[in-house]
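# Survey of secondary and tertiary structure
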Amino acid sequence: EVPYYQEWYRQRLSWIFNDRIHYSLQKDPEWPHPERAINKYNDRQRIHFTDYIKEQLGTRQELLDDVLPDYPPFGKRMLMDNGWFRTVARDDVTLVTGGISHVSEHGIVTDRGVEHEVDIIVIATGFDALNMLGSFDLRGRGGLSIREAWAAQGAQASHGVTMPDFPNF
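So, here is what we can say about the structure in this document. The numbers attached to residues start from 1 for each chain and follow its sequence in the written order. Only residues with pLDDT of at least 70 are given local features in this predicted model, and only at 80 or more are side-chain atom pairs given and counted; all residues enter the totals for whole chains, interfaces and linings. Side-chain measures here rest on the full set of heavy atoms in the structure, leaving out hydrogens and waters.

## Quick notes on the nonpolar core
To keep it simple, the criterion reads: The definition of a nonpolar core used throughout is a set of buried Ala, Val, Leu, Ile, Met, Phe, Trp, Tyr and Cys residues joined through side-chain atoms within 4.5 Å. Think of it in three bands: residues with accessible area under 20% of the maximum for their type are buried, residues over 50% are exposed, and the middle band is partly exposed, with areas taken using a 1.4 Å probe on protein chains only. Under the DSSP-based scheme used, a helix requires at least four consecutive residues in state H or I and a strand at least two consecutive residues in state E, with every element numbered from the N terminus. The contact criterion used throughout is that any non-hydrogen atoms of two residues lie within 4.5 Å.
Of all hydrophobic cores here, the largest spans eight residues; its members are Ile 53, Leu 57, Leu 63, Leu 64, Val 67, Phe 85, Val 88 and Ala 89. Contributions of two or more residues to this core are made by helix H2 (40–57), helix H3 (64–67) and helix H4 (84–88). If sequence neighbours within four positions are ignored, Leu 57 has contacts with Leu 63, Leu 64, Val 67, Phe 85, Val 88 and Ala 89. Counting residues in each nonpolar core, the second largest holds five residues, with Leu 138, Ile 146, Met 163 and Phe 166 among its members.

## Some words on the side chain of Gln 45
For Gln 45, the location among the structural elements is in helix H2. The residues touching Gln 45, leaving out its near neighbours within four places in the chain, are Ile 21, Ser 24, Pro 73 and Phe 74.

## Describing the environment of Lys 54
Considering the arrangement of structural elements, one finds Lys 54 in helix H2. Relative accessible area serves as the criterion here: at 37%, Lys 54 is assigned to the partly exposed category. Between the C-alpha atoms of Lys 54 and Lys 27, which are 27 residues apart in sequence, the distance is 26 Å. Those residues in contact with Lys 54, other than ones at most four positions away along the chain, are Gln 61 and Leu 64.

## Some remarks on the sheet that holds strand S1 (residues 100–103)
The following threshold applies: Two strands are said to pair when DSSP picks up at least two bridges between them. Comment: axis = line fitted to C-alpha atoms, over the contacting stretch for helices; angle = value between 0 and 180 degrees taken between N-to-C directions.
Taken in spatial order, the three strands line up as S1-S2-S3 in an open sheet, and their pairing is antiparallel. Edge positions in the sheet fall to S1 and strand S3 (115–117), since each of these pairs with one other strand and no more. If you compare each strand with its neighbour and ignore which way they point, the axes differ by 25° on average. Of the pairings in the sheet, the one linking S1 to strand S2 (residues 107–110) comprises three bridges and is antiparallel in character. Counted as the bridge partner of Val 103 is Ile 108 from S2.

## Examining unusual backbone geometry
Non-glycine residue Tyr 4 carries a positive phi angle of around 65°. Here Tyr 4 is to be found in the segment before helix H1 (5–17). Even without being a glycine, Asp 165 presents a positive backbone phi close to 70°. Relative to the helices and strands, Asp 165 is located in the segment after helix H5 (146–150).

## Observations concerning a nonpolar patch on the surface
We apply this condition: To count toward a patch, a residue needs a relative accessible area over 30% and no salt bridge; like charges are then connected within 9 Å, while nonpolar side chains (Val, Leu, Ile, Met, Phe, Trp, Tyr) are connected within 5 Å. Methods summary: accessible areas were calculated by the Shrake-Rupley approach with a probe of 1.4 Å, and residue burial reflects only the protein chains presented. For salt bridges, the criterion is a side-chain nitrogen of Lys or Arg within 4 Å of an Asp or Glu carboxyl oxygen.
A surface patch of nonpolar side chains, about 440 Å² in accessible area, is lined by Val 2, Tyr 5, Trp 8 and Tyr 9. Assignment of secondary structure puts Trp 8 in helix H1.

## Some words on the pattern of salt bridges
Side chains that differ in charge, positive against negative, can pair when their charged atoms come close. Taken as a whole, this structure holds three salt bridges when the rule is applied. When the shortest N-O distance is used, the salt bridge between Arg 36 and Asp 43 registers 2.7 Å.

## Comments concerning the packing of aromatic side chains
Which entries qualify depends on this criterion: Each pair of aromatic rings taken from Phe, Tyr and Trp, with Trp reduced to its six-membered ring, is defined by centres within 6.5 Å and is described as stacked if the planes are under 30 degrees apart, edge-to-face if over 60, and tilted in the remaining cases.
All told, the structure shown has five aromatic pairs when counted by the stated rule. Here Trp 84 and Phe 85 contribute two aromatic rings whose centre-to-centre distance is 5.2 Å and whose plane-to-plane angle is 80°, an arrangement assigned as edge-to-face. Assessed through its relative accessible area of 42%, Trp 84 is described here as partly exposed.

## Examining the pairing of S2
Both S2 and S3 contribute to a ladder of three bridges, which runs antiparallel. Opposite Gly 107, over in S3, you have Glu 117 as the bridge partner. As consecutive antiparallel partners, S2 and S3 are separated by four residues, and within that stretch Gly 113 has a phi angle of approximately 85°, a positive value.

Right, here's the structure in full:
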């Protein structure tokens, strides 16, 4: 345990990702490519981030269109890559985009009617702090919806992860 390390680390991140990139977050009304960046510095960041993603995808470059953000760098909350791009490029991983019709006994059925046998389902639907699980209807065993289960006392799960008759978060 190192005293004050957490405080130092957070301050360091704040400086790196706030003050040092401020110039790249200023919208240039004359910038000719607003579909990919907001100014020339922001565009350089996009090129750098895109090169990184391409490197991580390796021989799976066909995934680039599905994993490359369609908004300028820092247009949404930035996430640090913890190996996701490298993982999605593995031979034993399939990236399925689009909607999910329902979860079957052995996997998921897409809105196109294709069933994918799965070991793990990661539902990355975005972030809405005021409407938890608002973008889809989660139902557990017996058909009970998560909204019905939480109606009386609000959202609750053991250690924030598990609750009876529902999949783990």
